[in-house]
Amino acid sequence: MSRPALEVADIFSDHGAAWRSANAGHVSLDQLKVMSAIERCRTAALGGHVARCENEACGHTVIAYNSCRNRHCPKCQGAAAREWLAEREAELLPVAYFHVVYTLPSELRDIAYQNKRVVYDLLMKAAAETTLAIAADPKRLAARIGITAVLHTWGSVLTHHPHVHMIVPGGGLSLDGTRWIASRSNFLVHVNVLARLFQGKMLAMLMHAHAVGQLNFFNTHAGLADKRTFKRFIAPLRHIKWVVYCKAPFAGPKQVLRYLSRYTHRVAISNRRLIAAADDAIAFRWKDYRVNGPGRWKTVRLHPHEFIRRFLLHVLPKGFHRIRHYGLFASANRAESIAKARALLDVGPPATDPQQQPDIASDAPRVLPCPCPRCGARMIVIEVFARGCQPSWRPASIRIDTS
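This structure is a prediction, so every number in the text was calculated from the model and none was measured. (Residues numbered from 1 in each chain as written. Predicted model: local features only at pLDDT ≥ 70, side-chain atom pairs only at ≥ 80, totals over all residues. Heavy atoms only, no water.)

1. Structural notes on the sheet that holds strand β12 (residues 297-302)
In space, the three strands of this open sheet follow the order β10-β11-β12, with antiparallel pairing throughout. Only two strands of the sheet have a single neighbouring strand rather than two, namely β10 (274-277) and β12. On average, adjacent strands in this sheet sit at an angle of 25° to one another, irrespective of strand direction. Summarising the sheet, β10 and strand β11 (residues 282-287) pair through three bridges and their orientation is antiparallel. By the bridge assignment for β11, A276 is matched with A283. Packed on one face of the sheet, helix α9 (residues 304-312) meets β10, β11 and β12 and runs near 110° to β12. (Pairing = 2+ DSSP bridges. Helix = DSSP H or I, 4+ residues; strand = E, 2+ residues; numbered from the N terminus. Axes fitted to C-alpha atoms, helices over the stretch in contact; angles between N-to-C directions. Contact = heavy atoms within 4.5 Å.)

2. Re the packing of aromatic side chains
Any aromatic ring pair is given by two values, namely how distant the centres are and how the planes are angled relative to each other. Under the counting rule described, the total for this entry stands at eight aromatic pairs. Aromatic side chains Y65 and F385 sit 5.9 Å apart centroid to centroid with 85° between the ring planes, which places their arrangement in the edge-to-face category. Separated by 320 residues along the polypeptide, Y65 in strand β2 (residues 61-65) and F385 in strand β14 (residues 379-385) bring together distant segments of the chain. Of the two residues, Y65 and F385, neither departs from the other in class, the shared state being buried. With a centroid separation of 5.9 Å and 65° between ring planes, the pair formed by F284 and F307 is classed as edge-to-face. (Phe/Tyr/Trp six-rings, centres within 6.5 Å; stacked < 30°, edge-to-face > 60°. Buried < 20%, exposed > 50% of the residue type's maximum accessible area, 1.4 Å probe, protein only.)

3. Digging into the pairing of β11
The two faces of the sheet receive side chains in turn, since in a regular strand these alternate between them. The loop that links β10 with its antiparallel partner β11 comprises four residues. Taken together, the six bridges between β11 and β12 define a ladder with antiparallel strand orientation. Each bridged residue has a counterpart across the sheet, and for A283 the counterpart in β12 is R301.

4. Topic: the environment of D226
Topologically, D226 is positioned in the loop between α6 (191-211) and α7 (227-234). For D226, a relative accessible area of 41% puts it in the partly exposed group. Spatially, the C-alpha atoms of D226 and S36 are 38 Å apart, while their sequence positions differ by 190 residues. A polar contact of 3.2 Å, which involves the side chain of D226, links it to the backbone nitrogen of R228. For D226, the side chain forms a polar contact with the main-chain nitrogen of T229, separated by 3.0 Å. (Polar contact = N/O pair within 3.5 Å; in protein donor to acceptor, adjacent residues only side chain to side chain.)

5. Details of the packing of helix α3 (residues 77-89) against helix α8 (residues 253-263)
How two helices sit against one another is set out by the angle between their axes and by the gap between those axes. Relative to each other, α3 and α8 sit at 150°, their axes nearing to 10 Å. Relative to α8, the element α3 is oriented roughly antiparallel. Here α3 and α8 pass one another in a crossing that is right-handed. Where α3 approaches α8, its residues A81, W84, L85 and E89 are matched on the opposing element by K254, L257, L260 and S261. Looking at the contact of α3 with α8, its residues break down into five nonpolar, one polar and two charged. (Parallel < 35°, antiparallel > 145°, perpendicular 65-115°, else oblique. Left-handed = near helix turned anticlockwise from the far one by under 90°. Nonpolar A, V, L, I, M, F, W, Y, C, P; charged D, E, K, R; others polar.)

6. Focus: the pattern of salt bridges
Taken as a whole and assessed by the stated rule, the structure comprises 11 salt bridges. Two residues, K75 and E7, come together in a salt bridge whose shortest N-O distance is 3.2 Å. Placement of K75 in the loop between β2 and α3 and of E7 in the segment before α1 (8-22) is noted, with a sequence separation of 68 residues between them. Here D121 makes a salt bridge to R324, at a shortest N to O gap of 2.7 Å. A residue pair is termed long-range when its members are at least 10 positions apart, and D121 in helix α5 (residues 116-136) and R324 in strand β13 (residues 323-327) qualify at 203 residues. For the pair shown, D121 and R324 are each scored as buried. (Salt bridge = Lys/Arg side-chain N within 4 Å of Asp/Glu carboxyl O.)

7. Digging into the side chain of H165
Of note, H165 is situated in strand β6 (residues 160-169). You can call H165 buried: its relative accessible area is 9%. A polar contact is formed between the side chain of H165 and the side chain of H99, at a distance of 2.9 Å. Within the local environment of H165, its side chain forms a polar contact with the side chain of H152, the two groups lying 3.5 Å apart. Excluding residues that lie within four positions of it along the chain, H165 makes contacts with H99, V100, V101, T148, A149, V150, H152, Y259 and Y263.

8. So, the environment of G48
Assignment of secondary structure puts G48 in strand β1 (residues 48-53). G48 sits 263 residues away from F311 along the chain, and the two C-alpha atoms are 27 Å apart. Not counting the four nearest positions on each side in its chain, G48 is found in contact with A64, Y65, N66, E383, V384 and F385.

9. Thoughts on the nonpolar core
In terms of nonpolar packing, the biggest core is built from 50 residues, with V100, Y102, L151, M166, F198, M202 and L206 touching the most fellow members. Among the elements of the structure, β3 (97-103), α4 (109-114), α5, β5 (146-154), β6, α6, α7 and β9 (244-246) are those that each provide at least two residues to this core. When residues of this core are assigned to their parent elements, the largest contribution, 10 residues, is made by α5. Among all residues touching F198, those that are not within four sequence positions of it are Y102, T103, L123, A126, A127, T130, W242 and V244. Membership of the second largest hydrophobic core comes to 32 residues, among which are V27, L46, C68 and F284. (Core = buried A, V, L, I, M, F, W, Y, C linked by side-chain atoms within 4.5 Å.)

10. Re the packing of α1 against α9
At their nearest, the axes of α1 and α9 sit 9 Å apart, and the two run at 95° to each other. Compared by their axis directions, α1 and α9 come out roughly perpendicular. Residues V8, I11, F12, H15, G16, A18, W19 and A22 of α1 form the contact with α9, whose participating residues are P304, H305, F307, I308, R309, F311 and L312. Residues belonging to the contact of α1 with α9 are distributed by class as follows: 11 nonpolar, three polar and one charged.

So, in structure tokens, the structure goes:
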């Protein structure tokens, strides 16, 4: 895949210093670290390696710089997604899967931004508990289901818009664990039922977090630190409609994997949405979900400093897990639950691909996963160089790989 002509790293390199200077004292350490990582990603600052085609008649050689592996970096998520999906592929069941989305009301977004770790955690917990409880209800599915949940915090134009995407299999284990209960092929549960329970759980969790002193309030929201004021602030949210959306089921497990690869490791904006950059504006494409058809893709222009501000809105707290598994897919019992589900569905585990087994020979040369683009032979690493260094071996004709 060719490298985009414009990257977030370029915008940070060109405008980051001025933005940091203009916002000194108002930028978190986590945000500064993300900026630094993205600027240095796949440059000599992080070191790298030289790889050459093992076919001597070809001899194609590349220099590849190391990636920063920061989860907010647009260039680093492809490999991370592939590794994660390889693990998830073995867990897929031969059933329909549904996509459920829980959205935090706009009235709570400022509170969420000032309390990211607490409110994002409550958002994911409330959404998961709601889905599990409704599915286990004897009047509904009466089953223990599995959930893979992913937190997104952005809208298409980089505004703060916290919401949780869930991938849910169409069925689960009976409450006594003796049989598989399938949902209807095109219906999981009514979204209004989910929305009402989600609303009640989320507001109850917020009230409790406030009561035990877990929430902080700043600027125009400082007054919400008072218990009565916060209670008055919450009251109207009990009478508005909260948004929960359940999409039609996927065509099959393979389609679920393709979908997950786009959603699990997505960042606020991909490099391929960027169109142009100038001193006074950054132009990028955004999707207007209110419009159907090709006209839904539009272009927005933001001042470089505003673009950087919006991008950094979505930096997550250190150590926060934005991909989580619940119910049958919870880490503690995942393998056992999936094995039981497969047995009840009368399907065997997926076959292991012997080509994916690692070569553990200590004296084996390091082989890159991608073959030579010229002849298809293996690419062998012939030199590794450290951070801030350049390779010592430089032939007359060499390609720098920054894709």
